[in-house]
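One letter stands for each residue in the lines below.
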Amino acid sequence: MDPTTAPIQTDCETPSSSVWDYWPSWRPTSMSILKTAEAKILSCIQNDLWARFVTLPNQGRIWTLSLASKVVRKPAAQGHSSPTHKTPLVMVHGFGGGVGLWIRNLDALSRSRPVHAFDLLGFGRSSRPYFPSDPAKAEKQFVQSIEEWRQSVGLEDMILLGHSLGGYLATSYAIQYPSRVSHLILVDPWGFPEQPNEDNQTQPQGQGHSQGTELVKRPPPPRWVKAIVAVMSLFNPLAVIRAAGPLGPGLVNRLRPDFKRKFEDLFDDDTMTQYVYHCNAQTPSGEVGFRALSESLGWAKRPMLHRVHQLPPSMPLTMLYGARSWVDSSSGDSVINIRGPTNTRVLLINDASHHVYADQPEEFNEAIESICNTVN
């Protein structure tokens, strides 16, 4: 089927095994409601859109958007690049996100090349399987699903972009399948630095890059903070949203009003916060996988800075950070020191926080398009 002409498919929803799914009055969500919330967001897209479930060999399903400009023909069947058929851009969202969060970027980035965005396994509308508690095994399950998705879609190679957790997984994927990645783009990637030692907590302050790194002595957290973290570590990160039951949607509105502000020129209501709620009020799965990957306070158990040297030296890598983000951009400096400056760049987007793509979409889209044009 031609993705530039096919309508949005209405596949059956992925079944859920949680007992809470039989209590709609307590937790006001379902995959059907999530589908409706997402459809309202995707109705803003102007370019040709093909939305469907991509089935993996184990029968898991990855919810996928494929876009192409109305004036750009789709890529060849196997995804080969040519002057006419450019290398596709594949976008991987972060923790708790989904394809709908790219709404300010999809049209702009698909003007000159095919763009694919998918819900990570265990998130959004994709299948929600069991994830092991072992971090290496959980990471392998995420990465294997990306490779199986690539094979099922029929892409030979791609420009791979990952945000936050998606950046961590995209890096792991590029290490394991380097021939499939023409350029690796990491947007405010999670999980790169190592957790500071409590007895000697020095942490780089990354408000800039390539300007030298200032080390600051930080006191250990108070005992009450450690106690709260210890208790919270017993639960999945977003359990409070589900535990809040009918108060959950309002809780997301109060906790993340920024999501409404970031998209207020597109929606003047709670469309985006409702989408985020319904993405994360479903049975936790990818969230469990993320918990397996992370230490307390969100540090990675297997920091990517320990492995980034395994990327081929010839693979182009660009790291984009929001200048006001909580993610420390000095990790980008560390990556340059490890790989060298020849094929590694670090860019800061001014007046942007962690969700760079939504805070400064025009600047973000221009930067990504410029990076993609270096490939073909």
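None of the values given here were measured: they were computed from a predicted structure.

The rules we used
- Per chain, residues are indexed from 1 in the order of the written sequence.
- Per-residue local features of the predicted model are confined to residues with pLDDT of at least 70, and side-chain atom pairs are confined, for both listing and counting, to 80 or more; whole-chain, interface and lining totals are unaffected and use all residues.
- Computation of side-chain values: all heavy atoms of the structure, hydrogens and water removed.
- One bridge is not enough; two strands pair if DSSP finds at least two bridges between them.
- For the purposes of this entry, the term helix denotes a DSSP run of H or I that reaches at least four residues, the term strand denotes a run of E that reaches at least two, and both are numbered from the N terminus.
- Note on geometry: axes are lines fitted to C-alpha atoms, helical ones only across the stretch in contact, with angles between N-to-C directions running from 0 to 180 degrees.
- Residues count as neighbours in contact if any of their non-hydrogen atoms are within 4.5 Å of one another.
- An angle below 35 degrees is treated as roughly parallel, one above 145 as roughly antiparallel, one from 65 to 115 as roughly perpendicular, and anything else as oblique.
- Crossing handedness is read from the near helix: turned anticlockwise from the far helix by less than a right angle, it gives a left-handed crossing, and turned clockwise, a right-handed one.
- Ten residues, namely Ala, Val, Leu, Ile, Met, Phe, Trp, Tyr, Cys and Pro, are considered nonpolar, four, namely Asp, Glu, Lys and Arg, are considered charged, and the remaining ones, Gly among them, are considered polar.
- Under the scheme applied here, a residue whose accessible area is under 20% of the maximum for its type counts as buried, over 50% as exposed, and between as partly exposed, the area being computed with a 1.4 Å probe on protein chains only.
- Like charges within 9 Å and nonpolar side chains (Val, Leu, Ile, Met, Phe, Trp, Tyr) within 5 Å are joined into patches, using only residues over 30% in relative accessible area that form no salt bridge.
- In these tables, accessible area is a Shrake-Rupley quantity obtained with a 1.4 Å probe, and a residue counts as shielded only by the protein chains included in the view.
- Any carboxyl oxygen of Asp or Glu within 4 Å of a side-chain nitrogen of Lys or Arg constitutes a salt bridge here.
- Only four residue types enter the charge count: Lys and Arg as positive, Asp and Glu as negative, with His and the chain ends excluded.
- Charge placement uses NZ in Lys and CZ in Arg. For Asp and Glu, CG and CD serve respectively.

Draft legend 1. Focus on the sheet that holds strand 6 (residues 181-187). On the basis of which strands lie adjacent, the open sheet formed by 8 strands has the order 1-2-4-3-5-6-9-10 and mixed pairing. Where the open sheet ends on each side, the last strands, each with one partner, are strand 1 (48-55) and strand 10 (344-349). Strand after strand, the sheet turns through a mean of 20° between neighbouring axes, direction not considered. In the sheet, strand 3 (residues 89-92) pairs with strand 4 (residues 115-118) via 4 bridges, with the strands oriented parallel. Within the sheet, the bridge partner assigned to Leu-89 lies in strand 4 and is Val-115. Lying on the sheet, helix 3 (residues 135-153) is in contact with strand 1, strand 2 (61-68), strand 3, strand 4 and strand 5 (158-163); it crosses strand 1 at an angle near 120°. Along the sheet, helix 4 (residues 165-176) contacts strand 3, strand 5 and strand 6; its crossing angle with strand 5, the most-contacted strand, is approximately 145°.

Draft legend 2. Examining the packing of helix 3 against helix 10 (residues 286-293) more closely. At their nearest, the axes of helix 3 and helix 10 sit 8 Å apart, and the two run at 135° to each other. By the criterion of interaxial angle, the relationship of helix 3 to helix 10 is oblique. The two elements helix 3 and helix 10 cross, and the hand of that crossing is left-handed. In contact with Pro-135, Ala-138, Glu-139 and Phe-142 of helix 3, helix 10 contributes Gly-286, Gly-289, Phe-290, Ala-292 and Leu-293. Classifying every residue of the contact of helix 3 with helix 10 gives 6 nonpolar, 2 polar and 1 charged.

Draft legend 3. Layout of the pairing of strand 2. Of all 8 residues that make up strand 2, 8 are buried, and the element is covered over most of its length. Every second residue of strand 2 is oriented toward a common face, with Arg-61, Trp-63, Leu-65 and Leu-67 on one face and Ile-62, Thr-64, Ser-66 and Ala-68 on the other, all of them buried. Pairing geometry for strand 1 and strand 2, over 8 bridges, is antiparallel. When the bridges of strand 2 are listed, Phe-53 appears paired with Trp-63. Here strand 1 hands over to strand 2 after 5 residues, with Gln-59 in that stretch at a positive phi of 75°.

Draft legend 4. Summary view of a negative patch on the surface. A contiguous patch of negative charge on the surface is contributed by Asp-351, Glu-362, Glu-363 and Glu-366. Tracing the backbone shows Glu-363 in helix 13 (residues 361-373). For Glu-363, a relative accessible area of 32% translates into the label partly exposed.

Draft legend 5. Expanded view of the pattern of salt bridges. Tallying each qualifying case throughout the model produces 12 salt bridges. Linking Lys-262 and Asp-258 is a salt bridge whose minimum nitrogen-to-oxygen distance equals 3.8 Å. Of this pair, Lys-262 and Asp-258 both sit in helix 8 (residues 257-262), 4 residues apart, which is roughly one turn of the helix. Per residue, the accessibility class of Lys-262 equals that of Asp-258, and both read buried. Of the charged contacts in the structure, one is a salt bridge between Lys-260 and Asp-270, with a shortest N-O distance of 3.4 Å. One end of the pair, Lys-260, is in helix 8; the other, Asp-270, is in the loop between helix 8 and helix 9 (271-280), with 10 residues separating them in the sequence. Judged by its relative accessible area of 28%, Asp-270 falls in the partly exposed class.

Structural measurements only, silent on function.
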